[in-house]
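Spelled out from the first residue to the last, the chains are:
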Amino acid sequence: MIEILSFLLAYFVFPGLLFAGALGLLFMGIDRKVTAHMQHRIGPPIWQEFLDFGKLLGKEDITPAAAQGAVFTLAPLLALGAAVTVVLLLPINSAQPALTSVADLIVIIYLLNIPAISIMLGGYSSASPFGAVGASRYVVQLFSYELIFIITALTAAFEVGSLSLSNIVTYQAQNGWLVFKAPLAAAAILVALQGKILRAPFDIPEAESEIVHGALTEYSGPKLGLMRLAYGIELFAVAGLITVLFFGGPVAHTIAGVEIPGVVSFLIKTFAIVLLTTNIRNIVARLRIDQAMKFFWTIIALLAIVNLIIVVW
Amino acid sequence: MSFVLPIGPQHPALEEPEHFRIEVKGEEIVDVDIRLGYVHRGIEEALSKRSYMHGLFLAQRVCGICPVSHSLAFIRAVEEIAGIECPDRARYIRTIGAELERIHSHLLFAGIAAHEIGFTTLFMLFWRDRELVLDLKEMLWGNRIHSSETTIGGVRWDIKPNQVPKVLHNLATLEKEVKHYIDVVGSDRTILARCANIGILTKQMARELCAVGPTVRASGVNWDIRRDDPYAAYSEVPFKVIIERDGDVLAKILVRLREVLESIQMIRHALDAMPGGPIRAEFKGQVQKGEATGRVEANRGELLYYILSKGGEKPERVRIRTPTYANMPTVKPMLVGGTIAEVPIVLASIDPCFSCTDRITVIDGNTGKSKIIAKSELRRLHK
Amino acid sequence: MKAEQVVQLIKDYVKDVKVTNEWRVTAITDEQHYRGALSTLKTNDILHLSTITGVDLGEEIEVIYHIDCGGPLLNLKLFLPKKTPSLLSVTDIFPGAVLYERDLMEMLGVEVKNHPDPRRLFLPEDWPKGNYPLRKEAKK
């Protein structure tokens, strides 16, 4: 009984839906503010994403008549569910995540693909040419970054000798951050991050000026709100994963006599990674899908594979 | 299997409503069909029902970005038929007005081009600097874009000596920024990846299709109405005609940015060399029998007004041929063979102004009236 | 090219030439000779047709070809009877004429033969046939 309750609490409140959702939307809001200032504008307040989400929930729920209703409706829920589950598997508060399994890194990698797949399903089922083109671009982009992501995540696991995230955190607490031991992999995973969260130069599947909104074109109202919430949580989750793998994860520090709890250090590091992606996306143009694929499969793949080989030997 | 991707009439890539039916196989474009007419407003007919002065205000509003050019072309034709000689000082002021407009329009285009390739930061920065020019226009003539400073016979307002320092100051800031942008555009890897060797228009195709403006100057065609059929003070203000050879989107952007630098020089020279004297000759409203063709180098290319007068207060016929109308046939050869991802940037590279293109007559309100479909840019939640 | 040179080139195909100033030449031709004039200009490297204007003069429809001759603008005019206004397309000489001729067809009802794509340009598909908006008798 207690276990069920504590699971529900973890899933819906901390570090689950409420916590991750709030932080995800907050990160997105701060990203918009920072972007605005980089562009010499003022920009919306950092609470804007919350207001948008609330507004979307209040709008009429429309499913296009030609769309496949069940898949179309299911897609945002699937994305949200998977993203929240990933957060449960991350060590946020301490080296112990809310939910553990034996090989949680593999589980996470699989789960993190589900939001991508649900967006594709949403695009294909929406009966719109823009949705179809967006979804197909997403498929191609998935083939670009996902392998890099897997290779670099496994590189971290190989260095530590374990697939369990709590082991990776404790290893780093004793031996220093993995970013110093596997810098090429860290660089590669940060580029793969840019592709995974669809930010310039890799925001091709949602290229607003070309295909309206890509796979999400036909989404509106509460479904779109859920998709965006899922995106926010995914952003938080993937950045959090990178923090855990390469930047130490939730480690408590004592600076000048003040104790900084692990969760705060985790949040700061995760946020720094998000800001890095913001910075990159504001200083480049968007690439074409074939250019993005070429970039990933040559330079970035090289970095990742070289580091993997170094670590394995 | 090829399928048709409709772009427009409402689409975030398009500033104004128009319809392109693009037939694609996968991502490759195999055919393009352009359907115009979404913003007919019946202007040619309307002009023949209005007096010349009234018509001038209407002609300015054919376009929301190049009203000065439309005024100048219309006025050039009217003044030729009516035998009105514009005073020298007014000619220089007209030149300054036209060049300020060219700068603002090219910066607008550059921002849109940046937006089309997903480089929002650059878009914002171009438009931030465009404000420098719009501030000047507001200071000199009261309005940011539809400034109505040119009128039949001359200009309405003089440029006062105490306004000159601000003009020079803003132009100096702008010149520095634009030089920086030219560097950025020519060297940023992502911009080059999206703009170099895309949407190529060969010199031969450009000349055969009778296209105009910076679009053809980017393909190596050495032609500029300001030099070849001069008006206002262009025969007295020295300037270079900017040419690029490659004919791709990058060349089109660079031509326009370099023209901005050239325009800044021209305004400085004009302010310096402007003679004193009256700024307006008298126009009594009546124009004798005759016909004339007024041509100007508008921001987008050659703009032509043909006016036929049978004597009296109103023209008999006014024919307007705008630069985007002339450049429409070039869209197909530039797009075919490319990919969907290139469509917005290639379309943007001819600097299209569909308000200008669609201004032909719809007389009555009965069947088949063409509505003005308001440009509704779909509001996308910011990602 | 100078205005005088333009006059020399087309003098066999035109009836009435007026040189208003160094930048404007107006010439009147007819249905038999206009293509000859345009071809001669093209062989002398004059490739730019600025536009084609149609004017309803009551009994006649005036068609004006405005051609940029590298300096002077040539206004080549011809007059067609209102009842049966008909022309051959010039897109084989000036490919850039393709849109202007469609414009002429739908707005003034001039029949342009051999046009590669004689669809409507600006008017919507359901605009009634035979109703030419720029003609004087177009209904209110």
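In what follows, the structure referred to is the one given above.
Residues numbered from 1 in each chain as written. Chains lettered and ligands numbered in written order. Predicted model: local features only at pLDDT ≥ 70, side-chain atom pairs only at ≥ 80, totals over all residues.

Engineer: Please give an account of the overall build of chain A that cites residues and values.
Structural biologist: When helices and strands are tallied, chain A shows 13 helices and 2 strands. On C-alpha atoms alone, chain A measures out to a radius of gyration of 19 Å, which is about the 20 Å that the 2.2 N^0.38 rule sets for 313 residues. Counting contacts in chain A only where the partners sit at least 6 residues apart, residues at least 24 apart contribute 77% of the total. (Helix = DSSP H or I, 4+ residues; strand = E, 2+ residues; numbered from the N terminus. Rg over C-alpha atoms; globule rule 2.2 N^0.38 Å. Contact = placed C-beta atoms within 7 Å.)

Engineer: I'd love a proper account of the sheet that holds strand S8 (residues 317-321) of chain B, names of residues and values included.
Structural biologist: Residue and element names in this part refer to chain B. Ordered by their spatial adjacency, 3 strands build an open sheet running S6-S7-S8, and the pairing between neighbours is antiparallel. Looking at which strands have only one partner, the edges of the open sheet turn out to be strand S6 (287-298) and S8. Put simply, the sheet's adjacent strands are angled 5° from each other on average, direction ignored. When S6 meets strand S7 (residues 301-312), the two strands line up antiparallel, connected through 11 bridges. Opposite arginine 295, over in S7, you have leucine 304 as the bridge partner. Packed onto the sheet, helix H3 (residues 67-82) meets S6 and S7 and runs at close to 150° relative to S6. (Pairing = 2+ DSSP bridges. Axes fitted to C-alpha atoms, helices over the stretch in contact; angles between N-to-C directions.)

Engineer: Can you lay out the environment of Thr85(A) for me, pointing to particular residues and giving the numbers?
Structural biologist: Residue and element names in this part refer to chain A. Here threonine 85 lies in helix H4 (residues 69-89). When the 19 C-beta atoms within 10 Å are taken as the criterion, threonine 85 is described as partly exposed. The sequence separation of threonine 85 and glycine 16 amounts to 69 residues, and the corresponding C-alpha distance is 7.4 Å. (Buried ≥ 20, exposed ≤ 12 C-beta atoms within 10 Å, placed from the backbone.)

Engineer: Quick rundown of the sheet that holds strand S3 (residues 48-56) of chain C? Include the residues and the values.
Structural biologist: Residue and element names in this part refer to chain C. Strand order in this open sheet of 5 strands is S1-S2-S5-S4-S3, and the pairing throughout is mixed. Bordering the open sheet on either side are strand S1 (16-21) and S3, each of which pairs with just one other strand. Each neighbouring strand pair of the sheet contributes to a mean axis angle of 20°, computed without reference to strand direction. Here strand S2 (residues 24-28) pairs with strand S5 (residues 73-81) via 5 bridges, running parallel. Its bridge partner being in S5, isoleucine 28 is matched across the sheet by lysine 77. Here helix H1 (residues 3-10) sits on the sheet in contact with S1, S2 and S5, set at roughly 15° to S2.

Engineer: An account of the arrangement of the chains is needed here, citing residue identities and associated values.
Structural biologist: No other pair of the 2 pairs of chains in contact has as many contacts as chains B and C. Chain A makes no contact with chain C; the smallest distance between any of their C-alpha atoms is 25 Å.

Engineer: With reference to specific residues and values, describe the interface of chain C and chain B.
Structural biologist: Every contact between the two is made by 34 residues of chain C and, on the other side, 31 residues of chain B. Within the residue set of the side of chain C that touches chain B, elements represented by two or more residues are S3, strand S4 (60-68), S5 and helix H3 (98-108) of chain C. Here the side of chain C that touches chain B gets 6 residues from one element, more than from any other, and that element is S3(C). Here the side of chain C that touches chain B is built from residues that sort into 20 nonpolar, 9 polar and 5 charged. (Nonpolar A, V, L, I, M, F, W, Y, C, P; charged D, E, K, R; others polar.)

Engineer: A description of the packing of helix H6 (residues 129-160) of chain A against helix H9 (residues 183-196) of chain A should follow, citing residues and the corresponding values.
Structural biologist: All names here are of chain A. Here H6 crosses H9 at 145°, and the two axes come no closer than 9 Å. Of the two elements, H6 crosses H9, and the hand of that crossing is left-handed. Of H9, the residues touching H6 (which contributes Gln141, Ser144, Tyr145, Ile148, Phe149, Thr152, Thr155 and Ala156) are Ala185, Ala188, Ile189, Ala192, Gly195 and Lys196. Residues belonging to the contact of H6 with H9 are distributed by class as follows: 8 nonpolar, 5 polar and 1 charged. (Left-handed = near helix turned anticlockwise from the far one by under 90°.)

This is a description of form; function is not addressed.
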